[in-house]
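Okay, here's what each chain looks like letter by letter:
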Amino acid sequence: MVERKLLVLFGSQTGTAEDTAERIGREAKRRHFQCRVEALDSYDVANLINELLVVFVCATTGQGDPPDNMKMFWRFLFRKNLPPSSLCQLDYAVLGLGDSSYPKFNFVAKKLHKRVLQLGGNPLLPVALGDDQHDLGPDAVVDPWLLALWDKILALYPLPPGLEIISADVRLPPKYTLHYLAEDSPHPDGDLLQPSAPRAVPSELHPFPAQMVSNQRVTAESHFQDVRLIEFDVTGSGITFSAGDVVMIQPQNCPEDVQQFCQLLRLDPDRRFVLKPTEPGTSLPALLPQPCTIWHLVTHYLDISCVPRRSFFELLSYFSTNELEREKLQEFSSAQGQEELYSYCNRPRRTTLEAMWDFPHTTCAIPPEYLLDLIPRIRPRAFSIASSMLAHPDRIQILMAVVRYKTRLSKPRRGLCSTWLASLNPEQGDVRVPLWVKKGGMKFPADPDTPVIMIGPGTGVAPFRAAIQERVAQGRRGNCLFFGCRQKSKDFYCQAEWEELVTKGFLTLFTAFSRDQEEKVYVQHRIQENRRLVWELLSSRSAHVYLAG
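All residue numbers refer to position in the chain's written sequence, counted from 1. Totals for whole chains, interfaces and linings use every residue, but because this is a predicted model, local features are given only for residues with pLDDT of at least 70 and side-chain atom pairs only at 80 or more, for both listing and counting. Working from all heavy atoms in the structure, the side-chain values ignore hydrogens and water.

As annotated in an unreviewed UniProt entry, the chain is NDOR1 oxidoreductase from Herpetotheres cachinnans. UniProt positions are given in the numbering used here, feature names are shortened, and annotations may be inferred rather than shown by experiment. The Catalytic activity (unreviewed entry) field of the UniProt record for the chain holds the comment "2 oxidized [2Fe-2S]-[protein] + NADPH = 2 reduced [2Fe-2S]-[protein] + NADP(+) + H(+)". What UniProt records for the chain under Subunit (unreviewed entry) is the sentence "Interacts with CIAPIN1; as part of the cytosolic iron-sulfur (Fe-S) protein assembly (CIA) machinery. Interacts with DCPS."

Enquirer: So what exactly am I meant to see when it comes to the UniProt feature "domain: Flavodoxin-like" (unreviewed entry) in the chain here?
Expert: The sites that UniProt annotates as "domain: Flavodoxin-like" (unreviewed entry) are residues 6-150. Where helices and strands are cited, they refer to DSSP runs of H or I of at least four residues and of E of at least two residues respectively, numbered from the N terminus. As annotated, residues 6-150 comprises 32% helix and 23% strand, and the C-alpha atoms at either end are separated by 12 Å.

Enquirer: What exactly am I supposed to notice about the domain arrangement of the chain here?
Expert: Marked domain ranges trace back to an automatic or database domain assignment. If you check the domain split of the chain, you get domain 1 (5-156), domain 2 (208-251 + 380-438), domain 3 (255-374) and domain 4 (452-547). Each of domain 1 and domain 4 was reduced to a C-alpha centroid, and the two centroids are 43 Å apart.

Enquirer: Would you mind going over the sheet that holds strand β11 (residues 272-277) with me for this structure?
Expert: Strand pairing in a sheet takes place through backbone hydrogen bonds and is either antiparallel or parallel in direction. Two strands are said to pair when DSSP picks up at least two bridges between them. With antiparallel pairing, 3 strands are arranged side by side in an open sheet as β7-β11-β12. Looking at strand neighbours, the two that pair on one side only are β7 (176-180) and β12 (292-293), the edges of this open sheet. Sheet analysis places β11 next to β12, joined by 2 bridges and oriented antiparallel. Of the residues in β12, the one forming a bridge with F273 is C292.

Enquirer: How do you make sense of the packing of aromatic side chains when you look at a structure like this?
Expert: What characterises a pair of aromatic rings is the spacing of the ring centres plus the angle enclosed by the ring planes. Each pair of aromatic rings taken from Phe, Tyr and Trp, with Trp reduced to its six-membered ring, is defined by centres within 6.5 Å and is described as stacked if the planes are under 30 degrees apart, edge-to-face if over 60, and tilted in the remaining cases. Taken as a whole, this structure holds 15 aromatic pairs when the rule is applied. Measuring from centroid to centroid gives 6.2 Å for F313 and Y344, while their planes differ by 70°, and the two rings are edge-to-face. In this pair, F313 is assigned in helix α7 (residues 310-319) and Y344 in helix α9 (residues 338-346), connecting sequence segments 31 residues apart. Residue exposure (1.4 Å probe, protein chains only): buried if accessible area is under 20% of the type maximum, exposed if over 50%, otherwise partly exposed. What makes F313 buried here is its relative accessible area of 0%. The class for Y344 is buried, based on a relative accessible area of 13%. Consider the rings of F483 and Y493, whose centres lie 6.0 Å apart with planes at 65°: the pair is edge-to-face. Within this pair, whereas F483 is found in strand β19 (residues 479-485), its partner Y493 is found in the loop between α15 (488-491) and α16 (495-503), the two being separated by 10 residues in sequence. According to the relative accessible area criterion, F483 is buried, its value standing at 0%. Judged by relative accessible area, Y493 falls into the buried class, the value being 4%. Site record: aromatic cluster; members linked through ring pairs are F312, F313, F332, Y344 and F359.

Enquirer: It is not clear to me how the environment of R532 should be interpreted in this structure. Could you clarify?
Expert: In this fold, R532 is placed in helix α18 (residues 531-541). Spatially, the C-alpha atom of R532 lies 27 Å from that of A496, the residues being 36 residues apart in sequence.

Enquirer: I tried to follow the nonpolar core on my own but got confused; where do I start?
Expert: In summary, soluble globular proteins display a tendency toward joint burial of nonpolar side chains. Ranked by size, the top nonpolar core spans 39 residues in total, and within it F261, L297, L302, F313, M356, L371 and I375 carry the most contacts. Counting residues per element, this core draws most heavily on α7, which supplies 5 residues. Apart from residues lying up to four places away in sequence, L302 is in contact with N253, F261, L297, L371, I375, P376 and I378. The next biggest cluster of nonpolar side chains, apart from the first, holds 29 residues, and it includes F444, A462, W498 and L501. Side-chain atoms within 4.5 Å link the members of a nonpolar core, which is a set of buried Ala, Val, Leu, Ile, Met, Phe, Trp, Tyr and Cys residues. Should any heavy atoms of two residues lie within 4.5 Å, those residues are counted as being in contact.

Enquirer: Help me understand helix α6 (residues 294-301) in this model?
Expert: Side chains of residues three or four places apart in an α-helix project in the same direction, reflecting 3.6 residues per turn. Counting buried residues in α6 gives 6 out of 8 residues, a clear majority hidden from the surface. Among the residues making up α6, those that are buried are I294, H296, L297, V298, T299 and Y301. Elements that come into contact with the buried residues of α6 comprise β7, α5 (255-264), β11, β12 and α12 (371-374).

Enquirer: I'm lost on unusual backbone geometry in this one. Help?
Expert: The general pattern is negative phi for most residues beyond glycine and trans for most peptide bonds. Note the cis peptide between Q290 and P291, where omega equals -10°. Of note, P291 is situated in the loop between β11 and β12. With a phi close to 55°, R266 is a non-glycine residue in the positive phi region. The residue R266 is located in the loop between α5 and β11 in this model. Residue R266 is classed as exposed on the basis of its relative accessible area of 66%. In this structure, R349 is a non-glycine residue whose phi angle is positive, near 55°. Inspection of the secondary structure puts R349 in the loop between α9 and α10 (352-358). R349 sits in the partly exposed class, given a relative accessible area of 36%.

Below, the structure written as structure tokens:
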């Protein structure tokens, strides 16, 4: 009897590919497969030659780039010295998630499919190209493709005699079981975010608890948008970066939301628990301490402010004791209900917590061990670094707009990370923010004589502030900046700094204040007015042009 094992590997940037991979994992369990779902970079790629059945689920980011959690796998797979028959025993399928408004639509999935084929793999189906632009989202492609995939897989690996597919109305066991500790069990000492002895360079698994030094509003109080210049102290972290790099910040939920969530689910925030995987071989969530409190889980891990996905409503429907609520939840998780789900959730940007309020009978019946299956983890947020180490050693500064907007819901929508950061006041004590740095997509010229033309309207000027500080510290003069905002008196970020550099001859500055006169003036108008200078820099001096929004 052939072992019925399936491996699902995903490369995910925002969590959609991971969510889809978990869905395939659940469908595999209903068909009695032993199934592992792993991020591509957590999987030991050297084992791929021993696998018999793999489904790859991958997103495409930026200009056709692989997501961060599959970059190592990608480099390995495209090594020139891999023999063309390496994967000849592998049956595989590739599911891509992309957006057809980008020129390199689903580039990673197409390229992966082709490469595994080159290495001798046997494709079960043509590559699936899920598209965010479709009215029903990627599911319009994913749903029928998965039906076809299971037909192919079950033809190769039929159900063992006497077993049926587990029906869709049966709830699968959770990924982890949650064991509460006795109230009087000993507590581990200290806070979880205390600076520990420096280990490796900070990363997502080991962020550095940087001290926030200042948090200053840089727009006028009368301006509609709150923009902050925030500075962190990273002394002793081992962090280094250059202009164009990005700082990743791990945000947390606000105390009011955490309290509401615990009340809705009737959870005691001070209860401590340990997690145990339901199936051997499942690793525990890397970012959760063991033991952990409910308060820590909800504050630092569960993304209760994200817009819930279809899988959330599907799992929620199993806990429902109320017929009306259950019917609605089943409709939201069906293929036919996707348009209605879009109007309920995505269009008004309704949060997971708000959706739970709308299903009160179901919510209070959620068993706590299902929380990690139900709600995704909080993802880190990326910010362009707005300062240079040469000008500000051991410091990282960011220029951040606080996200706040209206939809048809009565409460304004707020960005999780920007709202949290804006609420922190370093003057009221020691404020720590978990962060790490990663390489950005912008590289500035090594040759000191190459001029740079930077176009940075609004907070898009952040990486150029880092670049200008760095280049000025190196004595480089060919810096040309086009900056645009609404009004000179309200949102002209870093005005004094730019004007001083202009006076010293380090910067040529062109500004466009769109609302300061009758007809709107934008950076493109200033570029057009100064086309001779721009062309001269490009044609005679091989200037590099950078644009950030």
